[in-house]
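Observations on the model geometry
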2 protein chains.
Amino acid sequence: MKQDKNYLTARKILSHNIKRLREERELSQESLADLVGLHRTYIGSVERCERNISIDNIERIASVFDVSPSFLLGNNNK
Amino acid sequence: MKQDKNYLTARKILSHNIKRLREERELSQESLADLVGLHRTYIGSVERCERNISIDNIERIASVFDVSPSFLLGNNNK
């Protein structure tokens, strides 16, 4: 089976979507972290693609934005 | 902001999709684990929703199936 051309871009797509949703809702990294129940620096490290975030935390962030985890990992053209 | 109704179902959706794709391709958990480069018991624990899998491993599994991480976390009606 061949490798997906999107391989190892998941962190980048997630980062892009979190930043976009966060800015649309005029939330700071700290405000988002508070809503999700994570440390402020955690959101920063996810947005810098430094963190190998887990599925549970992806789901928590998606929940705060009222979107699905699948949406948060998707190439959403908007 | 309200909680997403899908909250905390991401592990279940992922498990369902991995099992479906694995069985469609007639792969054992062990064969899939070999293709992904993970231990055999790891795939089993993900399919039992026991493991808080990371984004990098979601992406590795998606890559073996030639689907996107977003697809692997999606409610795909097929």
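Preceding block: the structure.
The notes below deal with the structure included here.

About the cut-offs
- Residues numbered from 1 in each chain as written.
- Chains lettered and ligands numbered in written order.
- Predicted model: local features only at pLDDT ≥ 70, side-chain atom pairs only at ≥ 80, totals over all residues.
- Axes fitted to C-alpha atoms, helices over the stretch in contact; angles between N-to-C directions.
- Helix = DSSP H or I, 4+ residues; strand = E, 2+ residues; numbered from the N terminus.
- Parallel < 35°, antiparallel > 145°, perpendicular 65-115°, else oblique.
- Left-handed = near helix turned anticlockwise from the far one by under 90°.
- Contact = placed C-beta atoms within 7 Å.
- Nonpolar A, V, L, I, M, F, W, Y, C, P; charged D, E, K, R; others polar.
- Buried ≥ 20, exposed ≤ 12 C-beta atoms within 10 Å, placed from the backbone.

**Overview of the packing of helix H2 (residues 29-36) of chain B against helix H3 (residues 40-47) of chain B**
Residues and elements named next belong to chain B. The contact between H2 and H3 brings their axes to 7 Å, and the two run at 110 degrees. Judged by the angle between their axes, H2 and H3 are roughly perpendicular. When the axes of H2 and H3 are compared, the crossing they make is right-handed. Contact residues: Gln29, Glu30, Leu32 and Ala33 in H2; Arg40, Tyr42, Ile43 and Gly44 in H3. A breakdown of the residues in the contact of H2 with H3 according to their chemical character gives 4 nonpolar, 2 polar and 2 charged.

**Examining unusual backbone geometry**
Note: most residues except glycine have negative phi, and most peptide bonds are trans. Although it is not a glycine, A:Glu26 adopts a positive phi angle of roughly 55 degrees. Assignment of secondary structure puts A:Glu26 in the loop between helix H1 (10-24) and helix H2 (29-36). A:Glu26 sits in the exposed class, given 7 other C-beta atoms within 10 Å. A positive phi angle is found at B:Asp66, which is not glycine, with a value near 60 degrees. Take B:Asp66: it is sitting in the loop between helix H4 (55-65) and helix H5 (69-72).

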